[in-house]
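In case you want the letters, here they are:
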Amino acid sequence: MTISSDSLPQAGLSPEGAAASEAAYDAGQAAGLFQILAPDGEVVRPDLMPGADTQLRLYRQMRRARHFDERGWVLYRQGRLGVFPPFGGMEASQVGTAAALSADDWLFPTYRDTGAALTLGLPIARTLAYWRTSPHGWAMPENLKVLPFYIPIATQYPQAVGAALAEKRKGTRNVAMAYIGDGGSSEGDFHEALNFAGALNAPCVFILQNNGWAISVPTRSQTRATDLSRRAEGYGLPGVRVDGNDVLATWHVTAQAVERARNGEGPTLIETVTYRVKPHTVADDPSRYRTEEEGAPWREKDPVTRLRAHLLRTGVLNEEGEAALLAEVAAEFEEALREADTYPDPAPAEILDHVFAEPTPQLRRQREELLAEVEA
């Protein structure tokens, strides 16, 4: 095979050439997205519409997630919450995927997937404690297989495969779902996990949230690929690309992937194409690396208003019903906040209490040293 110079990336493009290259990349990103609802709330696949109960359930979960995200900003500014990564605008990607799981399944979230964890059942008070760096948020509820939010990039992917294989060995129908961002899909752990899962037919669902940014690096700068779901092909896995701002489409393709995994048909990679309209964290200043104009088209594709428009148009929801739902969501959050405020301040040694179920000799020794230092 002969590779011509025309096929290689060209350095030093003119402004016109760079703009054309960027436009071509963006067009490639938008191509081939699976949708059920258009951005204006119109149905494009009536044959795949779920029932009204499912639509309302997904809408409520998106509203819960958005309320947490918005109140989190306020609490951070009040000094009542630590630095956390907002996810506003990505609710459909997180809710639609996590809602396809049962409480017996595993969830391996990144630091940005608070919405997914809340959807599966992580209590709001426990979540607030986590983002306050309190030990009361470090240990997950015993009846819920949610891992603490992963800060390292991509380490959750191979660990999710391990959990999925454990369930397979035990003979259950439970699956493991792991999240990653577009930047994380360039990490070695991502590729190793896909190969690992494919070779051993692990009941695993991989969610790749392509939100356009890896901190300050746009997707088009860290990869020339415009369809990240095709990375699955190299490992013999099916890859699906979905409009990550359409919660009905996201839920539909994820439910199918989960069912495949339960039936022993192996793993699936799902790329949810969305956009990080918020900063990387509440301490980030995105104006240093992108413009307001860039995000404007994505704000018009807001996942919450998209489903809301459909529900109001079809009469599944009315203004009074929505007001009641929002009041219920707000009351739930404030009650959880009051509970989180009652948690006592942590003792220094508690930092060692959630590392292993049975402390190692090294941890016991470190605990003794720490207590001696505190008491000195």
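A few points on the structure. Keep in mind it's a predicted model, so treat the numbers as computed, not measured.

What the rule picks out here adds up to 25 salt bridges. Among the salt bridges present, the one from Glu332 reaches Arg60, with a minimum N-O distance of 4.0 Å. Here Arg60 lies in helix α2 (residues 52-77) and Glu332 lies in helix α12 (residues 319-342), a separation of 272 residues in the sequence. On the accessibility criterion, Glu332 (27% relative accessible area) is partly exposed. Ionic pairing is found between Glu167 and Lys145, a salt bridge with its closest N-O pair at 2.9 Å. Taken together, the residues span a long stretch of sequence, with Glu167 in helix α6 (residues 156-170) and Lys145 in the loop between α5 (124-131) and α6 at a distance of 22 residues.

Along the chain, Asn211 falls in the loop between β3 (204-210) and β4 (213-214). There is a polar contact of 3.1 Å between the side chain of Asn211 and the backbone nitrogen of Trp213. When sequence neighbours within four positions are dropped, the list of residues in contact with Asn211 reads Met90, Arg112, Asp182, Thr274, Tyr275 and Arg276.

Spatial strand order, β1-β2-β3-β7-β6: 5 strands in an open sheet with parallel pairing. Two strands bound the open sheet, and with one partner strand each, they are β1 (106-108) and β6 (239-243). Strand-to-strand twist across the sheet, computed as the mean angle between neighbouring axes with direction ignored, equals 20°. By the bridge criterion, 6 bridges tie β3 to strand β7 (residues 268-273) in an arrangement that is parallel.

Here we come to the environment of Trp251. By the secondary structure assignment, Trp251 is in helix α9 (residues 247-262). Separated by 154 residues in sequence, Trp251 and Thr97 place their C-alpha atoms 5.5 Å apart. Residue contacts for Trp251: discarding those within four places in its chain leaves Pro50, Thr54, Arg57, Leu58, Gly96, Ala99 and Ala100.

Moving on: α12. Look at α12: 35 Å from first C-alpha to last across 24 residues, which is about the 34 Å you get at 1.5 Å a residue. Looking at the buried positions of α12, the neighbouring elements they touch are α2, α5 and α11 (303-314). Measuring from the side-chain oxygen of the N-cap residue of α12 to the backbone nitrogen of Glu320 gives 3.3 Å; that N-cap residue is Asn318.

Following the sequence through the fold, Ala103 ends up in the loop between α3 (91-98) and β1. In this structure Ala103 comes out as partly exposed when scored by relative accessible area, which is 43%. Along the primary structure Ala103 and Lys145 are separated by 42 residues, whereas in three dimensions their C-alpha atoms are 7.3 Å apart. Sequence-distant contacts of Ala103, that is, excluding residues within four places in its chain, are made with Asn143 and Lys145.

Bringing unusual backbone geometry into the picture now. One non-glycine residue, Ala154, adopts positive backbone phi at about 80°. Take Ala154: it is sitting in the loop between α5 and α6. Non-glycine residue Ile215 carries a positive phi angle of around 55°. Here Ile215 is to be found in the loop between β4 and β5 (217-218). What makes Ile215 partly exposed here is its relative accessible area of 45%.

Here strand β2 (residues 176-181) lies mainly inside the structure; 5 of its 6 residues are buried. As paired strands, β1 and β2 are joined by 3 bridges and run parallel to one another. In the strand pairing of β2, Leu107 is matched with Met177. The pairing of β2 with β3 spans 6 bridges and is classified as parallel. Bridge assignment links Gly181 to a residue of β3, and that residue is Gln209. For the segment spanning β2, helix α7 (residues 188-200) and β3, crossover handedness is right-handed.

Close contact between α2 and α9 brings their axes to 11 Å; oriented N to C, the two are set at 110°. By the criterion of interaxial angle, the relationship of α2 to α9 is roughly perpendicular. Every residue of α9 that contacts α2 at Thr54, Gln55, Arg57, Leu58 and Met62 is listed here: Val247, Leu248 and Trp251. Residue classes in the contact of α2 with α9 are distributed as 5 nonpolar, 2 polar and 1 charged.

Rules of the game
Residues numbered from 1 in each chain as written. Predicted model: local features only at pLDDT ≥ 70, side-chain atom pairs only at ≥ 80, totals over all residues. Heavy atoms only, no water. Salt bridge = Lys/Arg side-chain N within 4 Å of Asp/Glu carboxyl O. Helix = DSSP H or I, 4+ residues; strand = E, 2+ residues; numbered from the N terminus. Buried < 20%, exposed > 50% of the residue type's maximum accessible area, 1.4 Å probe, protein only. Polar contact = N/O pair within 3.5 Å; in protein donor to acceptor, adjacent residues only side chain to side chain. Contact = heavy atoms within 4.5 Å. Pairing = 2+ DSSP bridges. Axes fitted to C-alpha atoms, helices over the stretch in contact; angles between N-to-C directions. Expected span 1.5 Å × (residues − 1). Right-handed = clockwise from strand over helix to strand, strands pointing away. Parallel < 35°, antiparallel > 145°, perpendicular 65-115°, else oblique. Nonpolar A, V, L, I, M, F, W, Y, C, P; charged D, E, K, R; others polar.

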